[in-house]
Amino acid sequence: MEEKKKEYLFKEQIGNIEGVVWQNESKFGKPWKTFKITRGYKDKDGQWCNAASFSHQDLPCVLEVLLRTMNWFRTQVEADVQDPVPMHAMDEGTKANASSVGRKKRRSK
């Protein structure tokens, strides 16, 4: 049986750093998205390969690809209000209002 190649939902590339978002589905039919960041390079035979390790020189491109990927995820969450996904584990179960973000709580005397 021929395996169908999965299409990515989002792809961002800066230099040789690439981020790709994939749609997955559990055995129970629940969808979820995953992403992968890779660094492209040519091996000794001139063939393109992907690695999941990076040098310090790759960090600016890795950061920018991650930020753009995160922004894509956020737009998807905003579009899909039926299944909101927290952007960070610390966001789970909390609803911060805009005035409290980044402020420390004052102690009462």
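Residues numbered from 1 in each chain as written. Predicted model: local features only at pLDDT ≥ 70, side-chain atom pairs only at ≥ 80, totals over all residues. Heavy atoms only, no water.

**A look at the pattern of salt bridges**
Inspection of the entire model under this criterion finds four salt bridges. Its salt-bridge partner being Glu18, residue Lys11 comes within 3.3 Å of it at the nearest N-O pair. Its relative accessible area of 18% is what places Glu18 among the buried residues. Across the pair Arg68 and Glu64 runs a salt bridge, and its minimum N-O distance is 2.9 Å. Separated by four residues within a single helix, Arg68 and Glu64 lie in helix α1 (residues 59–79), roughly one turn from each other. Owing to a relative accessible area of 34%, Arg68 belongs among the partly exposed residues under this scheme. Each of Glu12, Glu64 and Arg68 takes part in a single network of salt bridges with overlapping partners. (Salt bridge = Lys/Arg side-chain N within 4 Å of Asp/Glu carboxyl O. Buried < 20%, exposed > 50% of the residue type's maximum accessible area, 1.4 Å probe, protein only. Helix = DSSP H or I, 4+ residues; strand = E, 2+ residues; numbered from the N terminus.)

**With respect to the pairing of strand β2 (residues 17–25)**
Taken together, the five bridges between strand β1 (residues 10–14) and β2 define a ladder with antiparallel strand orientation. The residue bridging Lys11 from the neighbouring strand is Val20, located in β2. Connecting β1 to the antiparallel partner β2 that follows it, the hairpin turn spans two residues, and Gly15 within it adopts a positive phi of roughly 60 degrees. Pairing analysis gives nine bridges linking β2 to strand β3 (residues 31–42), with the strands arranged antiparallel. Paired with Val21 across the strands is Phe35, a residue of β3. Between β2 and β3, which pair antiparallel in sequence order, lie five residues; one of them, Gly29, sits at a positive phi of approximately 90 degrees. (Pairing = 2+ DSSP bridges.)

Purely spatial values, then, with no claim about function.
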